[in-house]
Amino acid sequence: MAARTSTRFLINKLKDSICFIQKRNRVKTKWASTRAKLPATNLALQHFDMVYKNHLGDLWPSVRAGMLSEQKYGALINSYTSGADDVITALCSQGCRDFIRDSETAEMKQETEELIEPAAGSSHISSNIQCFVFPRGDISRFRPARPGSDGLLGYYLLDAASILPVLALDVQPGDSVLDLCAGPGGKTLAILQSQTVRFLWANDASGSRTARLQRTLQSYIPKELRGEDRIRVTSVDGRKWRTMDDHAFDRVLVDVPCTTDRHSLLEEENNIFKRSRTKERQKLPLLQIELLLAGIRATRPGGVLLYSTCSLSPLQNECVVEQAVSLAQQDMGIAVQPQDLGGFTRLFKNTFRFAPERAVGELVLPHLCANFGPIYMCKLVRLA
Ligand SMILES: C[S@@+](CC[C@H](N)C(=O)[O-])C[C@H]1O[C@@H](n2cnc3c(N)ncnc32)[C@H](O)[C@@H]1O
């Protein structure tokens, strides 16, 4: 009963804010029919200029310039291919570096030189994940990955900042992992590169995205490691996860659908700022809360969850986390504790630009010299 009341309260609150926006922007039908149809990318820019100028203040102009420019990629090394060493040699000869290994080495050197204890909140990094990037300010592009003699591709290109949620998830040897919104599979692949997973369940509501995920797995993971006892792929609505399976996972990744800010500024295709998708966009925070709650239920007590988006929106980031944490306690009696990721921002500060301290979670801000992100992430531990 309590669960229903508060969820209904939340829905009503969201509806109120939707009505508010609609009233303010209401245009007389007479004008609406003759109104010039702005491309969705322009609508996205107008929206971001209004919301993010307020939210990010003086940082917004440089973030805006970054998001309107070509994004930087990282090459996630496929350690399952026999040619991985040659791939790494070739990348090094082009001037790339493994930002994970480099950051760890730099931090260890600093600690030794200054004879200081490891920083509070510093995180263990799975050294099996390797992701190469071009140096700061270098906007060279990676060549497409090629298959080795075993038929497996040497690397997977993705926004290097999207490796951070996987590193923060901190998968331990023997863990079972649920990737609730997994398509097209970049983070699933990164999780598997840690080589410590006992069982991985990758799910996505979209059939076409799960099909892409399956193709990615076939291109990168040897067949003998893709058995149903190690990797399972499903296509169900993550909000209904509980009715699917009672298994409690050690680690859960909830990488939700969001306004995909960079995509919305640059691509008309599948753009959530199209007028026909306004309602869907306004309902995103509610969908995100429901997915995070499903993820919390699927985590074992003591287990770790990672919530992430590729948006700068506080409504889709910290507000979702705060609402879900309080609803989990109120409606399900589950206590969830957000974790300090300060160690992460320190460790990777030479590769990514992070937003100044936030109430919960961390945010990678795009910048012309380090044009990764946006990526928001919040690590949570389920206490009971
Ligand atoms: C940000 S993308 C995930 C990206 C992916 N983790 C990766 O790294 O490649 C969000 C995904 O959520 C999926 N999705 C949307 N609604 C969903 C739902 N109700 N349940 C599960 N997945 C959903 C979308 O199809 C989309 O593939």
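The structure under discussion appears in the preceding block.
Note that the structure is predicted; figures quoted are calculated from it, not measured.

Participant: What is the right way to look at the overall build of the protein chain in this model?
Facilitator: What the protein chain contains, in helices and strands, is 15 helices and 13 strands. Within the span of the protein chain, comprising 384 residues, buried residues form 49% of the whole. Across the protein chain, every contact between residues at least 6 apart in sequence was considered, and the portion connecting residues at least 24 apart equals 77%. Element-wise, carbon and sulfur atoms account for 53% of the exposed surface of the protein chain, whose accessible area totals about 18,600 Å².

Participant: What is the right way to read the packing of aromatic side chains from this model?
Facilitator: What characterises a pair of aromatic rings is the spacing of the ring centres plus the angle enclosed by the ring planes. Inspection of every chain in the model, using the stated rule, returns 15 aromatic pairs. Measuring from ring centre to ring centre gives 5.2 Å for F99 and F352, while their planes differ by 90°; the resulting arrangement is edge-to-face. Taken together, the positions of F99 in helix α6 (residues 99–113) and F352 in the loop between α15 (342–347) and β11 (353–354) put the pair 253 residues apart, joining distant regions of the chain. With respect to class, F99 is no different from F352; both count as buried.

Participant: Help me out: how do you make sense of the sheet that holds strand β1 (residues 74–77) in this one?
Facilitator: Either a parallel or an antiparallel arrangement is found when strands of a sheet pair, and the pairing is made through backbone hydrogen bonds. On the basis of which strands lie adjacent, the open sheet formed by four strands has the order β2-β3-β1-β4 and antiparallel pairing. Bordering the open sheet on either side are β2 (97–98) and β4 (155–158), each of which pairs with just one other strand. Where β2 meets strand β3 (residues 131–133), two bridges bridge the pair, whose relative direction is antiparallel. Within β3, the position partnered with D98 by the bridge is F132. The strands touched by helix α5 (residues 84–93) are β1, β3 and β4; relative to β1, the strand with the most contacts, the crossing angle is about 160°.

Participant: For this particular structure, what's the right way to read the nonpolar core?
Facilitator: Side chains of a nonpolar character, in soluble globular proteins, are inclined to be buried together. Core analysis: the largest hydrophobic core is formed by 50 residues, its most contacted members being F99, I163, L164, I191, F348 and F352. For this core, the element with the highest residue contribution is helix α7 (residues 164–169), accounting for five residues. Excluding its chain neighbours within four sequence positions, the residues that come into contact with F352 are F99, A160, A161, L164, V364 and F372. Counting residues in each nonpolar core, the second largest holds 48 residues, with I289, L305, V321 and L380 among its members.

Rules and cut-offs
Residues numbered from 1 in each chain as written. Predicted model: local features only at pLDDT ≥ 70, side-chain atom pairs only at ≥ 80, totals over all residues. Heavy atoms only, no water. Helix = DSSP H or I, 4+ residues; strand = E, 2+ residues; numbered from the N terminus. Buried < 20%, exposed > 50% of the residue type's maximum accessible area, 1.4 Å probe, protein only. Contact = heavy atoms within 4.5 Å. Areas by Shrake-Rupley, 256 points an atom, 1.4 Å probe, with all protein chains shown as cover. Phe/Tyr/Trp six-rings, centres within 6.5 Å; stacked < 30°, edge-to-face > 60°. Pairing = 2+ DSSP bridges. Axes fitted to C-alpha atoms, helices over the stretch in contact; angles between N-to-C directions. Core = buried A, V, L, I, M, F, W, Y, C linked by side-chain atoms within 4.5 Å.

Everything listed here is a matter of coordinates, which is why it stays silent on function.
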